[in-house]
Amino acid sequence: MPPLLELSAVTKRFGGLVANKDVSLAIGAGEIVGLIGPNGAGKTTLFNCLTGYLHPDAGRIVFAGADVTHARPERVCGLGIARTWQLVRTFGRMTVLENVVCGALKRHSRVGAARQRAWHLLEFTGLAPKADVLAANLTLADKKRLEIARALATEPRLLLLDEAMSGLTPAEMAAAVELVRRIHAELGLALCVVEHVMEVVMPLSQRVVVLDYGEVIAEGPPAEIARNEQVIKAYLGEHYRGR
Amino acid sequence: MDGSSGRRRARLALAAGVLLGLAYPIPLQWSGYTYFHTVGFLVLINAMLGVGWNVIGGWAGQFDFGPQVFFAIGAYTAAILFVHVGLSPWLGMLAGVLAAMGICALVTYPLTRLRGHYFAISTVAIWMIAQPIGATWEFINGSRGLFIPMQGAQGVLGATASLQFAGRTKALGYYYVAFGLLGLTLWLLRLVEHSKLGFYFRAIRDDQEGAEGIGIDSRLYKVIARSITAAVFAAGGVLYGFWALAVFPEQVLDLNWSTLPIMATVVGGIGRLWGPVLGAVILIPISQIMSTTLGTGPLAGRGIDLIVYGVIIVLIAALRPTGILSLPWSRWARRLAGRPASGRLVGHG
C-alpha cells in the first residue's frame with residue numbers, strides 16, 4: 001500500500017535561497033513523524049508547501065493518491081490535511097466554540113450539526129469549560145490547544161503541528177504531549193510534529209526526519225537519530241550525546 | 001438565567017423600537033408638515049445601507065468604499081425597466097438586485113487578490129471608473145439621467161404596487177416602504193449571520209490564512225459577502241430613485257451613499273447587526289438639524305454645520321471606537337432594575 005503522504009524531490013527557492021532542496025519523505029497512515037532541524041532549516045517552508053500556502057518549484061507532493069503539488073489550501077484541507085501554526089492564528093473576536101464550529105463546517109454545512117461536532121472536540125481537548133470565552137482572551141497554551149481542536153474539526157487524516165509546544169510552561173507542555181498522544185491513539189490520525197524541544201519530540205515520534213539547510217540529512221528511529229554524528233554536529237549539540 | 005433575561009430584554013427593546021418606528025410619523029401627519037417624515041426616510045434608508053455594508057466591512061472585514069456603484073446599478077436598472085418596458089418597480093428592484101450581485105461578483109473576484117488598504121483603494125477605483133460611464137453612456141441618457149413619470153395609481157395598494165406616493169401621503173408612504181425594506185434586510189441578514197456564511201466571513205476577517213487552513217476559500221467568500229452588500233445597496237437605490245422621481249449619475253454615484261452608511265455602521269457598532277441602525281438614528285438627524293440650524297442664518301454658506309457634524313463624529317469615534325452598541329448596556333439595564341451589576345459582588349464576601 002502506498003504511504004498516506006509522499007514527497008518526491010521537493011525543492012522550494014526564494015530568489016537565491018534554497019529553502020527546501022530535493023526533500024523526499026513519506027508518512028504512513030497513523031504514523032507519528034518528528035521533523036527537526038535548526039532555525040531556518042526549512043521546516044515551516046515544507047509545511048507551507050504541504051498545505052498549499054506555497055508551491056514547490058520542483059518535485060511532487062501526493063496525498064492519499066491525489067497530486068496536491070499545486071493545490072490551494074482549502075482543497076488540501078478538504079482532502080484531509082490539517083495544520084496548526086507556529087504563531088497562533090485563532091479567530092480572536094470569535095468564541096472558542098465558534099472557532100471550532102468554523103472548522104466543523106468543512107464537513108457539516110448546517111451550523112447545528114457543526115456545533116454538535118465542535119462540542120465533542122471541545123470535550124475531547126478539555127476546552128469545553130471555556131467554550132464562550134473570546135479566543136483573543138485565552139492563554140497561549142489554550143490558543144494552541146484551540147488551534148488543534150479547530151484543525152481536528154475539519155476531520156483530517158494527517159495533522160501537521162508546527163511547534164505546538166513552544167512557549168509553554170513544563171506543565172502545559174506535558175498536557176499538550178498528552179493531548180497529542182490521545183489524538184494518535186484514540187482518533188488514529190497520522191501526525192507530523194515540528195518541535196525544538198527534544199525531550200518532547202524524541203519520545204513522541206516513531207520516526208524522526210532531520211532537515212539542515214533545506215535538505216534531509218538523516219531519517220530514522222529517535223534512538224538512532226540521537227546517536228547520529230552529523231545530526232549532533234548540525235543541530236542537537238554535544239550535550240545531547242548519550243542521553 | 002442571565003442569558004435568557006438578556007434575550008428577553010433584547011426582545012423588549014426590539015418590540016419597543018418597532019412600535020416607535022411605526023408610530024413616529026403618525027402624530028406629524030395631521031400637521032401636514034412632512035419634513036420630519038423625510039428625515040425618518042433618510043434615517044431608514046441609510047440604516048438599511050449600513051446594515052448591508054456591515055456584511056463586507058464588519059463581518060468579512062474588507063473595507064469597501066465603493067458600494068454606491070451598486071446603489072446606482074439598482075436605481076438605473078429599475079428606472080430603465082420602468083421607463084422603457086413599464087415593468088413594475090418591485091420586479092425592477094428584483095432585477096436591479098440580481099444585476100448588482102452579478103456585476104459585483106465579476107468585478108470583485110479579481111480585486112480579492114488584494115488585501116487591506118489595497119482592496120479598499122481598488123473599490124474606490126471601481127467607483128471612479130463608474131462615474132464617466134454613468135455620465136456618458138447614451139443608453140442611460142448620460143449626465144441628463146432618467147426621469148421617472150408618475151403613473152397616477154389609485155389608493156394605498158396601487159401606490160405601493162407602483163412604488164409611487166404623491167401629495168400629502170408621499171413622505172408617509174416612502175417612510176413605511178423604507179421601514180419594511182429595512183426590516184426585511186435585517187431579517188434576511190440575521191439568517192446569514194447565523195449560517196455557515198456568517199461564520200466564514202468572520203473567520204476571514206479575524207485571520208485569513210487561518211481560515212484558508214480550515215478549508216475556507218477566502219476569495220470566494222469575500223465575493224459572496226460583497227455581493228450581499230451590493231444586493232442591499234441595489235434595493236436601496238431603487239427605492240431612492242422612485243422617491244426622487246429621477247436617476248442621474250451625480251445623484252446615485254454620490255460619495256455620501258457610502259460615507260454615511262459607513263459612518264453609521266462605525267458609530268453604532270461595526271460587525272453588529274443592529275449597529276448601523278443605531279448609528280443612523282443618531283447621525284442622520286444630527287446632520288439634518290445641523291444643516292437647518294447652523295446652515296442657515298448669519299453663518300450660512302460657511303460650512304459650519306459640516307464642521308460641527310464632523311467634530312461630533314470624531315468625538316464618538318475617539319471615545320468609543322467599537323461603537324455605541326458595544327457600551328455595557330446590559331449592565332446598565334440591570335442596575336436600573338435595581339439589581340447588583342454582578343452576582344459575584346454580593347454573598348460570599
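Above this text you will find the structure in question.
Definitions and limits used
Each chain carries its own residue numbering, running from 1 in the written order of its sequence. Going through the entries in the order they are written, you letter the chains from A and number the ligands from 1. Restriction of local features to residues with pLDDT of at least 70 applies here, the model being predicted, together with a cutoff of 80 or more for giving and counting side-chain atom pairs; totals for whole chains, interfaces and linings are based on all residues. Only hydrogens and water are set aside when side-chain values are computed; all heavy atoms of the structure are taken into account. Whether a residue is buried, partly exposed or exposed follows from its accessible area with a 1.4 Å probe, protein chains only, as a fraction of its type maximum: under 20%, in between, or over 50%, in that order. The way it works is that DSSP assigns letters per residue, a run of H or I at least four long becomes a helix, a run of E at least two long becomes a strand, and they are numbered from the N terminus. Pairing between two strands is assigned when DSSP locates at least 2 bridges connecting them. Place the viewer so that the strands point away; then a crossover is right-handed whenever the path from the first strand over the helix to the second strand goes clockwise. A contact between two residues is defined here by any heavy atoms of the two lying within 4.5 Å. Once two parts are brought into contact, the accessible area they lose, counted with a 1.4 Å probe and summed over both, makes up the buried area. By definition here, a salt bridge exists when the distance from a side-chain nitrogen of Lys or Arg to a carboxyl oxygen of Asp or Glu is within 4 Å. Polar contact criterion, stated in full: a pair of N or O atoms within 3.5 Å, where within protein one must be able to donate a hydrogen and the other to accept it, and residues adjacent in sequence count only if both atoms are side-chain atoms. Here, the term nonpolar core denotes a set of buried Ala, Val, Leu, Ile, Met, Phe, Trp, Tyr and Cys residues that are joined through side-chain atoms within 4.5 Å. What counts as an axis is a line fitted to C-alpha atoms, over the stretch in contact for a helix, and the angles between N-to-C directions run from 0 to 180 degrees. Note that a disulfide, as used here, is simply two cysteine sulfur atoms within 2.5 Å. Each angle gets one of four labels, with under 35 degrees taken as roughly parallel, over 145 as roughly antiparallel, 65 to 115 as roughly perpendicular, and the rest as oblique. Residue polarity is assigned by list, with Asp, Glu, Lys and Arg as charged and Ala, Val, Leu, Ile, Met, Phe, Trp, Tyr, Cys and Pro as nonpolar; anything else, Gly included, falls into the polar class.

Novice: Tell me about the pairing of strand β8 (residues 190-194) of chain A, and name the residues and values.
Specialist: Residue and element names in this part refer to chain A. In terms of residue burial, β8 counts as a mostly covered element, since 5 of its 5 residues are buried. Residues A190, C192 and V194 of β8 are buried on one face, and the alternating residues L191 and V193, pointing to the opposite face, are buried as well. Where strand β3 (residues 32-36) and β8 come together, 4 bridges link them in parallel fashion. Pairing of V33 across the sheet is with C192, part of β8. Note that strand β7 (residues 158-162) and β8 share 5 bridges and pair parallel. Note that in β8 the partner of L159 across the bridge is L191. With helix α6 (residues 170-187) bridging β7 and the parallel β8, this β-α-β connection has right-handed handedness.

Novice: How would you explain the sheet that holds strand β1 (residues 5-14) of chain A if you had to name every residue and give the values?
Specialist: Across the sheet, which stays open at both edges, the 4 strands sit in the order β2-β1-β4-β5 (chain A) with antiparallel pairing between neighbours. Each edge of the open sheet is held by one strand with a lone partner, namely β2 (17-27) and β5 (66-67) of chain A.

Novice: Lay out the interface of chain A and chain B with the relevant residues and their values.
Specialist: Each partner contributes to the interface: chain A provides 23 residues, whereas chain B provides 19 residues. Summed over both partners, the interface of chain A with chain B comes to about 1900 Å²; 59% of that surface belongs to carbon and sulfur atoms. At the boundary of chain A and chain B, one finds 4 salt bridges. For B:R202, the salt bridge identified is with A:E98, shortest N-O distance 3.5 Å. For the interface between chain A and chain B, the tally reads 7 residue pairs in polar contact (both at pLDDT 80 or more).

Novice: Tell me what's going on with the pattern of salt bridges, and back it up with residues and numbers.
Specialist: In this structure the tally under the stated criterion is 17 salt bridges over all chains. With a shortest N-O distance of 3.1 Å, A:R60 and A:D67 are connected by a salt bridge. Between B:D206 and B:R205 there is a salt bridge, with the nearest N and O atoms lying 2.9 Å from each other. The same class applies to B:D206 and to B:R205, which are both buried. Connected via shared salt-bridge partners are A:R89, B:R115, B:D207 and B:E209.

Novice: A description of the nonpolar core should follow, citing residues and the corresponding values.
Specialist: In this structure, A:L159, A:I183, B:F41, B:L189, B:F201 and B:L239 are the most contacted members of the largest nonpolar core, which totals 132 residues. Of all hydrophobic cores here, the second largest spans 27 residues; its members include A:L4, A:A41, A:V76 and A:V209.

Novice: Describe the environment of A:V208, naming the residues involved and giving the relevant values.
Specialist: Residue and element names in this part refer to chain A. Checked against the element boundaries, V208 lands in strand β9 (residues 207-212). When the C-alpha atoms of V208 and V193 are compared, they prove to be 9.3 Å apart, with 15 residues separating the residues in sequence. In this structure, V208 is in contact with G34, I36, M202, A218, E219, G220, P222 and I225, ignoring residues within four places of it in sequence.

Novice: Which residues make up the sheet that holds β7(A), and what are the values?
Specialist: Residue and element names in this part refer to chain A. Spatial ordering of the open sheet is given by β6-β7-β8-β3-β9-β10, a layout of 6 strands whose pairing is mixed. Edge strands, defined here as strands with exactly one partner in the open sheet, are β6 (81-83) and β10 (215-220). Across the sheet, the mean angle from the axis of one strand to that of its neighbour is 20°, orientation sign disregarded. Taken together, the 4 bridges between β3 and β9 define a ladder with parallel strand orientation. Bridge assignment links V33 to a residue of β9, and that residue is R207. In this fold helix α5 (residues 140-152) packs onto β6 and β7, with an angle of close to 160° to the strand it touches most, β7.

Novice: Could you give an account of the state of the cysteines, with specific residues and numbers?
Specialist: Tallying each qualifying case throughout the model produces 0 disulfides over all chains. No disulfide involves A:C102; its sulfur sits 12 Å from that of A:C77, the nearest cysteine.

Novice: Describe the packing of helix α4 (residues 68-85) of chain B against helix α6 (residues 117-136) of chain B, and please don't skip the residues or the numbers.
Specialist: All names here are of chain B. Between α4 and α6, whose axes approach to 9 Å, the crossing angle comes to 30°. The pairing of α4 with α6 is recorded here as roughly parallel in orientation. For the pair α4 and α6, the contacting residues are Q68, V69 and Y76 in the first and I126, W127, A130 and G134 in the second. Looking at the contact of α4 with α6 residue by residue, the classes come out as 5 nonpolar, 2 polar and no charged.

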